[in-house]
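Chain by chain, the residues run as shown.
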Amino acid sequence: MNNPAPSTRFRAPMLHLLLLASALMLATTVAAQAPAVPTRPEYRVTRFDESWGVIRSIEAKHPVDQLKYIPLTGSGAAYLSIGGQFRARGEAVSNFLSSGAADRTDSFGLARALLHADLRTGRYLRLFAEGKHAVAFSRDLPGGKRPLDQDEWELQNAFVDLTYPGTSAYSFTARVGRQELLVGSQRLVSPLDWSNTRRTFEGGRLIARVSAVTLDGFLTEPVVVQVNDRNSIDTNSTFWGGTARGSTPSPTFAWEVFALGLSQDSVALFGSNGEHDRVTLGGRLTGAFAGGPVRYDLEGGWQTGDLGSRNIAAWFVATDITRSFAAAPLRPTVGLGFDYASGDSDPADDKAGTFHQLFPLGYAYAGYMDLVGRQNLIEARAVATANPTAAIQTRAALHHFMRATTSDAAYNVGGGVLREDWSDDRAIGSELNLTAAYRLNRHTRLELGYGHFVPADFLTGSPAGAEDSDWGFVSTSFTF
């Protein structure tokens, strides 16, 4: 098999992406927008998406606002914003998918500090840097202190923005450097804030706002966390893509389409070896039926490309329907969800059918215990929430996991094999999650949770022998 040169590997997919973006721009008309009333920004998962220049127009200041907006010129157009987060979490696990081969009962601590500086010199130039220090204490489970747990004194984000502000109808920003990526619901691409170390990439990005559409393209390489050394760039992998979405999503309707490419020079994946070139094409729709209390979230995508000598043909679909009762006591919501991620029906043929979950936020959709990954997976879930006050949120979720194809393995949250295919049993297990969060004030959040996993036939039978598992956590964070 002749491999394309790295410089030409992405030419065809990127051409498709550019054609898609051009069509969306031509189809979009300029919508008049009413002037926005300045409000204090909310803290975001990706802190560089916050813009604190509006603080100068807000009369009622918080004490921490002195750090969020430090004017550097008389006009205030150039300013420095400083922020960060301190988070501590304790976890305890009992019989964590134990098969008798190793002790999987433990309790341990995780702590993380993030500190960033956002320098905006005006309308054209911006510099953003964020440092990270993440440590784990007394983690004695197999694997010890993993890259998910420990990453000391590292740069999480460090980039330069060059912006052509244009007009109210369009603007363009070029970004170069280390940066986190987030796409849509984070099912496919996420900074993975749940982990102690978070995820990041290095490369370039172009963001264009044209009328009511935002176009976002990137070409990057993943940053690999080294627990006992400086982090490195995975030069074997290239992650590229683009999205188009509505610039001002409405509570009643929002949309996004995406094309995401992952290219790796040499891998051993899903039973195949060799070069890996995969493109994921898909989209997402969210909104409320007739503007009422029933909301929907529908996302799906198709994967194509090559894995060694095999052709990739994989897909996923995910949907949630949620009903809120805003006038009822505790303001509850109830919802049902379904995820399907394809598996490989015949590992011996020339079609690679296992869906690749890319760089996801796993726990948010496949259970807080982080046991099961969204590959060769059918998941059905029921979720209920209650909010006794504006500051208190409670949630209960029940997940049931099955293999989509019985000729393929069950996969873990990291994308590796949880259990090799050894039987025709489809059911993997069920998981119950109970969580509660209390927002003490704008900056401080307390959270705790419990999970119980009941393995099904595919895990309990020989050679797995898994038993019921329990897990719990308590967490506190201060964000500024």
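Above this text you will find the structure in question.
Position numbers for residues start from 1 in each chain and track the written sequence from start to end. Local features in this predicted model are restricted to residues of pLDDT 70 or higher, and side-chain atom pairs are both shown and tallied only at a pLDDT of 80 or more, whereas totals for entire chains, interfaces and linings draw on every residue. Side-chain numbers come from the whole structure's heavy atoms, not from hydrogens or water.

Caption draft 1: Representation of unusual backbone geometry. The phi angle at Phe270 is positive, at roughly 50 degrees, despite the residue not being glycine. Secondary structure elements follow DSSP: runs of H or I no shorter than four residues count as helices, runs of E no shorter than two count as strands, and numbering proceeds from the N terminus. For Phe270, the location among the structural elements is in the loop between strand 11 (253–269) and strand 12 (272–288). Despite not being glycine, Ala290 shows a phi value in the positive range, around 55 degrees. Position of Ala290 among the secondary structure elements: in the loop between strand 12 and strand 13 (294–307).

Caption draft 2: Summary view of the pairing of strand 13. Two strands make a pair as long as DSSP finds a minimum of two bridges between them. Pairing analysis gives 13 bridges linking strand 12 to strand 13, with the strands arranged antiparallel. Within the sheet, the bridge partner assigned to Arg284 lies in strand 13 and is Glu299. Bridging between strand 13 and strand 14 (residues 310–324) involves 14 bridges; their strand directions are antiparallel. Opposite Tyr296, over in strand 14, you have Ile321 as the bridge partner. Between strand 13 and strand 14, which pair antiparallel in sequence order, lie two residues; one of them, Gly308, sits at a positive phi of approximately 60 degrees.

Caption draft 3: Representation of the side chain of Gln303. Secondary-structure assignment places Gln303 in strand 13. Here a polar contact means two N or O atoms within 3.5 Å. Within protein one must be a hydrogen donor candidate and the other an acceptor candidate, and residues neighboring in sequence count only if both atoms are side-chain atoms. Reaching out from Gln303, the side chain makes a polar contact with the side chain of Thr280 at a distance of 3.0 Å.

Keep in mind these numbers describe shape, not what the thing actually does.
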